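A look at the structure
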There are 2 protein chains.
Amino acid sequence: MAAESPRAWITLRSLAETGTSEELGRYARSLASDELLHAMFRLNRDEQTRLLTRLPPKMAASMLGDVPNELAAEILDDLAPQDGAAVLNEMDSDSQADILGSMEREEAEQFLSLMSPTEAEHARLLLAYEADVAGGLMITEFLAFPEATTIEQITAELKRVAHLDEGYHIDQIYALSPDGLLAGAVPLIEMVGAGGSTRLADLMSAVRPTKADAELHDLAAFFDHDRSPSIPVVDDRRHLVGVVTREAVDHAKAMQSEEMQRKIQGIVGGDEIRTAPTLKRSARRLVWLSINIVLNGIAASVIAFYQGTLSAVIALAVFLPIVSDMSGCSGNQAVAVSLRELSLGFIRPFDVLRVWGKELSVGLLNGIVLGCLLGAVAWIWKGNPYLGVVVGGALAANTVVAVSIGGSVPLILKRLGLDPALASGPILTTVTDMCGFLFVLSFATAALPQLAP
Amino acid sequence: MAAESPRAWITLRSLAETGTSEELGRYARSLASDELLHAMFRLNRDEQTRLLTRLPPKMAASMLGDVPNELAAEILDDLAPQDGAAVLNEMDSDSQADILGSMEREEAEQFLSLMSPTEAEHARLLLAYEADVAGGLMITEFLAFPEATTIEQITAELKRVAHLDEGYHIDQIYALSPDGLLAGAVPLIEMVGAGGSTRLADLMSAVRPTKADAELHDLAAFFDHDRSPSIPVVDDRRHLVGVVTREAVDHAKAMQSEEMQRKIQGIVGGDEIRTAPTLKRSARRLVWLSINIVLNGIAASVIAFYQGTLSAVIALAVFLPIVSDMSGCSGNQAVAVSLRELSLGFIRPFDVLRVWGKELSVGLLNGIVLGCLLGAVAWIWKGNPYLGVVVGGALAANTVVAVSIGGSVPLILKRLGLDPALASGPILTTVTDMCGFLFVLSFATAALPQLAP
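Criteria and cut-off values
- Residues numbered from 1 in each chain as written.
- Chains lettered and ligands numbered in written order.
- Predicted model: local features only at pLDDT ≥ 70, side-chain atom pairs only at ≥ 80, totals over all residues.
- Heavy atoms only, no water.
- Helix = DSSP H or I, 4+ residues; strand = E, 2+ residues; numbered from the N terminus.
- Contact = heavy atoms within 4.5 Å.
- Buried area = accessible area lost by both parts, 1.4 Å probe.
- Salt bridge = Lys/Arg side-chain N within 4 Å of Asp/Glu carboxyl O.
- Polar contact = N/O pair within 3.5 Å; in protein donor to acceptor, adjacent residues only side chain to side chain.
- Core = buried A, V, L, I, M, F, W, Y, C linked by side-chain atoms within 4.5 Å.
- Buried < 20%, exposed > 50% of the residue type's maximum accessible area, 1.4 Å probe, protein only.
- Pairing = 2+ DSSP bridges.
- Axes fitted to C-alpha atoms, helices over the stretch in contact; angles between N-to-C directions.
- Parallel < 35°, antiparallel > 145°, perpendicular 65-115°, else oblique.
- Left-handed = near helix turned anticlockwise from the far one by under 90°.
- Nonpolar A, V, L, I, M, F, W, Y, C, P; charged D, E, K, R; others polar.
- Least-squares fit on C-alpha atoms with pLDDT ≥ 70 in both.
- Phe/Tyr/Trp six-rings, centres within 6.5 Å; stacked < 30°, edge-to-face > 60°.
- Lys NZ or Arg CZ within 6 Å of the ring centre and 35° of its normal.

1. Focus on unusual backbone geometry
A positive phi is found at R238 of chain A, a non-glycine position, where the angle reads about 70°. Within the secondary structure, R238 of chain A sits in the loop between β5 (230-234) and β6 (240-245).

Below, the structure written as structure tokens:
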């Protein structure tokens, strides 16, 4: 790991301003790539633009490859169009399409018109697809030859590609039938030791290609059960259009799961980068917070209905947040277990009743334990056993409600075709808060003669 | 995607009980692998044991490969030792070591003594290392030959390995010096087209190996900046001991980030599997809940100190949970942004003051907006502008506190060598709850003459 050099950004900024492009490139190359990235994000937008304009395009491309697509698009947008196109030219087709796809259509078209014609053609091909289907995940950097081609003829091309740094991931060579359709594949390992006059047709074995609209889920399932490092993508007439690598699928899955995790926390603002203007960052976060304040208000309005009970037994106010927060915790545990079992494939949406049964038993047990604990505290504090029963009973009841919702709602959402991660966060919190307040205050109202004699 | 067949587990259970081992294997093979997994987790532990004992070991091995290590270890433990060892024999060395490493030492030794000697030797080698360093992530399924070996001599071995299903990931062949040390590597792509009499030494290029104690972080950095699909691992004398694949590193990183995400939610119970006994599941969740109830109690005790104020202005009870919950939301947004920027490399631990400054501006802005909103609601509801000022001011102040803690604590924890994800969850919630209650009630106490005239 590179030593931390907090001042790298200062050197970089002054070189971007006053040094030659060569000096800048040399200094940037001397930094570890994460150090370079950190330095870039200490610069303001104008300084970033100057830096990227003056860095060698290949270097700028590799740096932007480590940045989320939306942000890379924003940054490219600030460059002069020719400079931006030069950087895009140096990326692999998948990244090109992802970044261009995050731009407005017009901006993307402007960059495409300035890129090298081959690069632009490949990027356009991928842009036609959603980012998360085979067509959007594939790269067009593959090798395919007519099946009659000999090993000797292929060797030179293989050597050339092996020494390029252009995003080729060659693990097999594709063989095309005389009418140009995908006929088979030859893993490199099978080609080693074959005589120079051997033809691809002699070595090739059948391949099972996928269509450009195959979804991430299906691609992941393929790689789970097949050791191939890549899968070819064909159009309706079996023309080879691209190759999806295992790495691209793993990466897309990781992104998807990170996004899901942010949704679990209900943190839409997680996509924010702190170099963005304060007003924009504030606005993005407020969208989410405003929804939440309404939900919070709905839950808290339960308390307003019971102000009489509350002013008679003011000690209840201490237990209201405890009961609602604790139930939220219990519910989140159930959500986490359901999400994990869903993603591992141990449960499926139709298992909702079985899952509910399993949660009910744990919820009852934990509710009784926690209820007794909190009830005892309440009893001892105020010397009133009825207060203990009210508070402990409310926590026990609300724990059962929370685990029931937390365990089953992810499965129900999945069945409805929605993201199961949405189950936690606001839905769970609002319901457990409301029910918690309701249990404490309605139990207390019923026991009012004993609580406030 | 396979159609869902909710009843597959019933057929599987009856075949495991009464069918021949062959019938069972045939039926299991007819299921998609996720369907098979789902069916297995509908069975109770005894039925699972019977199923795994009677399935062909290769199939049982591939199924257990999809299960978290601890659970796979538990399940193997229920099998007869010979049966368990037969299943372990069919796994790649990395999985063997991960699963054996999750067992008690004695149990692991028993399995090792029953496994095939070569498999056991490889597993023992990997077991000596932590799971998350190169030694624990590497596989021992690689090909290495003396550098004088010719392509012709290697070809047969390559063909043999290509058709094995034993976890080989061959992308390059390693060349050993006359004294058996790692001398270089030859990518397969370079071997294609080479004459049969070419020696490895003629083709090999230098490789930069890693040591067995290299950490996941460093391996990930290597693969980020190098296109190789694998990196060789050597001991202190440069003997080749294994190979770490890009896939193994990606997988380990994904596991680490999932674990981190569960910590963010403070959900230790997420590792639970619902087939475990109710008491065990309940106990695991209670550990976490008990810590939380204490923290909750501490926060709520603030309310107990202000019972006088509260009973004078009972409407405050409605706003207490709103202020504390909303600040928790704001704080979590800041945590999420810090964690993301840390993981992307945009910020580093020493940036804590800069991050705090950026959070302060957004926190002030959002605090004022939310405070005005909530204050207006309070004013209109009770017709008392002072109540609005108290409630709104408390929310604004607590929002600033929450984003300051949420934004900076992850960096401080990282600097202390702790997991930054621990910042959210309990620490943040407890502090924002306490401060929220304190602001509302102390402001109200100060304004008491105006609030309860």
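Once the structure has been displayed, the description carries forward.
2. What to know about the interface of chain B and chain A
Counting from both sides, the interface comprises 112 residues of chain B and, opposite them, 112 residues of chain A. Summed over both partners, the interface of chain B with chain A buries about 10400 Å², with 61% contributed by carbon and sulfur atoms. The salt bridge partner of E359 of chain A is R285 of chain B, with a shortest N-O separation of 2.8 Å. Our count for the contact surface shared by chain B and chain A stands at 24 residue pairs in polar contact (both at pLDDT 80 or more).

3. Thoughts on the nonpolar core
Core analysis: the biggest nonpolar cluster contains 72 residues, and L310, L316 and L387 of chain A together with L310, L316 and L387 of chain B have the highest contact counts within it. Each residue touching L310 of chain B, except ones within four places of it in the same chain, is listed here: I314 and A317 of chain A together with I303, L316, A317, L320 and L441 of chain B.

4. Overview of the pairing of strand β3 (residues 182-187) of chain B
All names here are of chain B. With five bridges joining them, strand β2 (residues 172-176) and β3 adopt antiparallel strand pairing. In the sheet register, I173 faces β3, and the bridge partner there is V186. The antiparallel hairpin formed by β2 and β3 contains five residues in its connecting segment, where G180 sits at a positive phi of about 80°.

5. Description of the packing of helix α20 (residues 352-382) of chain A against helix α21 (residues 385-415) of chain A
All names here are of chain A. Put simply, α20 and α21 touch, their axes get as near as 6 Å, and they point 155° apart. Classified by the angle between their axes, α20 and α21 sit roughly antiparallel to one another. For α20 against α21, the interelement crossing comes out right-handed. The residue makeup of the contact of α20 with α21, split by class, is 19 nonpolar, 11 polar and two charged.

6. Structural notes on the environment of I412 of chain B
Turning to its location among the elements, I412 of chain B is positioned in helix α21 (residues 385-415). Considering only alpha carbons, one finds I412 of chain B and D351 of chain B, 61 residues apart in sequence, at a separation of 9.5 Å.

7. Things to note about the sheet that holds strand β2 (residues 172-176) of chain A
Residue and element names in this part refer to chain A. Reading across from one edge, β1-β2-β3 is the order of the three strands in this open sheet, with mixed pairing throughout. The sheet terminates laterally at β1 (144-146) and β3 (182-187), the two strands that pair on one side only. Across this sheet, the average inter-strand angle for adjacent strands is 30°, counted without regard to direction. Pairing of β1 with β2, which is carried by three bridges, proceeds in the parallel orientation. Bridge pairing links A144 to Y174 in β2.

8. Regarding the relation of the copies chain B and chain A
Between chain B and chain A, the superposition needs a rotation of 180° and an axial shift of 0.0 Å, giving an RMSD of 0.1 Å. Overall, the copies show the geometry of a two-fold rotation axis. Every residue of chain B has its C-alpha some distance from the rotation axis, and the shortest such distance is that of V192 of chain B, at 2.4 Å. Of the interface residues in chain B, 100% have counterparts in chain A that sit at the interface too, so the contact is made through matching surfaces.

9. Regarding the sheet that holds β2 of chain B
Pairing between the strands of a sheet comes from backbone hydrogen bonds, and it takes one of two forms, parallel or antiparallel. Residues and elements named next belong to chain B. With mixed pairing, the three strands of this open sheet are ordered in space as β1-β2-β3. Each end of this open sheet is capped by a strand with a single partner; those strands are β1 (144-146) and β3. For this sheet, the mean inter-axis angle between neighbouring strands, taken without regard to orientation, is 30°.

10. Describing helix α3 (residues 33-40) of chain A
The buried fraction of α3 of chain A is high, at six of eight residues. Among the residues of α3 of chain A, E35, L36, L37, H38, A39 and M40 of chain A are the ones counted as buried.

11. Looking at the packing of aromatic side chains
Tallied over the entire structure, the rule returns 10 aromatic pairs over all chains. Ring plane angle 20° and centroid distance 3.6 Å describe the contact between F346 of chain A and F41 of chain B, whose orientation is recorded as stacked. Here F346 of chain A, found in the loop between α19 (316-344) and α20, pairs with F41 of chain B, found in the loop between α3 (33-40) and α4 (45-54), and the two come from separate chains. In this pair, the class of F346 of chain A matches that of F41 of chain B, namely buried. A cation over an aromatic ring shows up here: K382 of chain A above the ring of W381 of chain A, its NZ or CZ 4.3 Å from the ring centre.

12. A closer look at the side chain of S282 of chain B
Within the secondary structure layout, S282 of chain B lies in helix α17 (residues 278-305). For S282 of chain B, a relative accessible area of 3% puts it in the buried group. Within the local environment of S282 of chain B, its side chain forms a polar contact with the side chain of N366 of chain A, the two groups lying 2.5 Å apart. Not counting chain neighbours up to four residues away, the residues in contact with S282 of chain B comprise V362, L365 and N366 of chain A.

13. Some thoughts on the pairing of β6 of chain A
Residues and elements named next belong to chain A. β6 sits mainly inside the fold: six of its six residues count as buried. Pairing of β5 with β6, which is carried by five bridges, proceeds in the antiparallel orientation. By the bridge assignment for β6, V233 is matched with G242.

14. Observations regarding the environment of L176 of chain A
All names here are of chain A. Counting through the fold element by element, L176 comes out in strand β2. Judged by relative accessible area, which is 17%, L176 ranks as buried. Along the sequence, L176 and P146 sit 30 residues apart, while their C-alpha atoms lie 4.5 Å from each other. Not counting residues within four places of it along the chain, the set of residues in contact with L176 comprises A144, F145, P146, E147, L181, L182 and A183.

15. Thoughts on the environment of A97 of chain B
Residues and elements named next belong to chain B. Checked against the element boundaries, A97 lands in helix α8 (residues 93-101). Note on A97: relative accessible area 6%, which makes it buried. Sequence separation between A97 and A123 is 26 residues; the distance between their C-alpha atoms is 5.2 Å. With near-sequence residues (within four places) excluded, A97 lies in contact with A123, L126 and L127.

Just distances and angles here, no functional claims.
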